Amino acid sequence: TNEARRLLDATDVWATCRHSSDVGGLQILLLVLAGDDATLSSVTGTWVELLIARIVHARSPARSLPSRLQLRQLAESCVAEKPPSEEDSTLALAYELLVCCCDNDAPGAVRACSHDESLGPWFLAHALEMLPSGSDHLPNLGC
């Protein structure tokens, strides 16, 4: 991240590039690696991709995962920036479930799942197991 930013700022490096057509792509790649928010927004296609990109780039080894409140606020901003299309009910459901998990709203999660025709009885039977239990931070998933 800091290294990517330093390379972006090294004008002497860019002045010596022979293939100017590659420079723009390399700079975008470095901006992504540096966690530039405007670039992350422009290169992600959905609110979920943007949310994950922002979490990855906001997190350092010393920082923990976002709290439920922080995750909800971040998800809200990503959905406002890249709302799910009306054709993609899966992303709308994912947002609704994420908000329910952040609010520790088990009935809301079950209600959201029961209105989605693509989810079968197995999913509904296990939906409550997927909600976080009591912790202010979501469980570490090995990332």
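About the cut-offs
- Residues numbered from 1 in each chain as written.
- Predicted model: local features only at pLDDT ≥ 70, side-chain atom pairs only at ≥ 80, totals over all residues.
- Heavy atoms only, no water.
- Helix = DSSP H or I, 4+ residues; strand = E, 2+ residues; numbered from the N terminus.
- Expected span 1.5 Å × (residues − 1).
- Buried < 20%, exposed > 50% of the residue type's maximum accessible area, 1.4 Å probe, protein only.
- Arc of directions from axis to C-beta.
- Contact = heavy atoms within 4.5 Å.
- Salt bridge = Lys/Arg side-chain N within 4 Å of Asp/Glu carboxyl O.
- Core = buried A, V, L, I, M, F, W, Y, C linked by side-chain atoms within 4.5 Å.
- Axes fitted to C-alpha atoms, helices over the stretch in contact; angles between N-to-C directions.
- Parallel < 35°, antiparallel > 145°, perpendicular 65-115°, else oblique.
- Left-handed = near helix turned anticlockwise from the far one by under 90°.
- Nonpolar A, V, L, I, M, F, W, Y, C, P; charged D, E, K, R; others polar.
- Patch = residues over 30% accessible without salt bridge, like charges linked within 9 Å, V, L, I, M, F, W, Y side chains within 5 Å.
- Areas by Shrake-Rupley, 256 points an atom, 1.4 Å probe, with all protein chains shown as cover.

Asker: Can you tell me about helix α3 (residues 20–34), naming the residues and giving the values?
Answerer: Over its 15 residues, α3 runs 21 Å from end to end, which matches the ideal 21 Å to within 8%, given 1.5 Å per residue. Along α3, the residues that are buried comprise Val23, Leu30 and Ala34. End-on view of α3: buried residues confined to an arc of 35°, all on one side of the axis. Residues of α3 that are buried make contact with α1 (2–9) and α2 (11–15). In the stretch just after α3, glycine 35 is the one whose phi turns positive, near 80°.

Asker: Tell me about the pattern of salt bridges, and please be specific about residues and values.
Answerer: All chains considered together, the criterion is met by five salt bridges. For arginine 54, the salt bridge goes to glutamate 81, with nearest N and O atoms at 2.8 Å. Remark: glutamate 81 occurs in helix α6 (residues 68–81) and arginine 54 occurs in helix α5 (residues 47–58); sequence separation between them is 27 residues. What makes arginine 54 buried here is its relative accessible area of 11%. The closest approach of N and O atoms between arginine 72 and aspartate 103, which form a salt bridge, is 3.0 Å. In this pair, arginine 72 is assigned in helix α6 and aspartate 103 in the loop between α7 (89–102) and α8 (106–114), connecting sequence segments 31 residues apart. Taking the relative accessible area as the measure of exposure, arginine 72 reaches 25% and is therefore partly exposed. One network of salt bridges, with partners in common, ties together Asp37, Arg54 and Glu81.

Asker: Any details on unusual backbone geometry? Residues and values, ideally.
Answerer: The phi torsion at asparagine 104 lies on the positive side, around 55°, for a residue other than glycine. The topology assignment puts asparagine 104 in the loop between α7 and α8. For asparagine 104, a relative accessible area of 40% puts it in the partly exposed group.

Asker: Give me the lowdown on the nonpolar core, citing residues and values where you can.
Answerer: If you look at the biggest cluster of nonpolar residues, it comprises 13 residues, and the most contacted ones within it are Trp47, Leu51, Leu71, Cys78 and Leu98. Here this core gets five residues from one element, more than from any other, and that element is α5.

Asker: Which residues make up the packing of α6 against α7, and what values go with them?
Answerer: For any two helices packed against each other, the geometry comes down to the angle between their axes and how far apart the axes lie. At a minimum axis separation of 9 Å, α6 and α7 run at an interaxial angle of 155°. With respect to each other, α6 and α7 are oriented roughly antiparallel. Note on packing geometry: the crossing formed by α6 with α7 is left-handed. Residue-level contacts link Arg68, Leu71, Arg72, Ala75, Glu76 and Val79 of α6 to Tyr95, Leu98, Val99, Cys101 and Cys102 of α7. Residues of the contact of α6 with α7, tallied by class, amount to eight nonpolar, no polar and three charged.

Asker: Any details on a nonpolar patch on the surface? Residues and values, ideally.
Answerer: On the surface, Leu26, Leu29 and Leu33 cluster together into a nonpolar patch covering about 270 Å² of accessible area. Tracing the backbone shows leucine 26 in helix α3. Residue classification places leucine 26 among the partly exposed residues on the basis of a relative accessible area of 42%.

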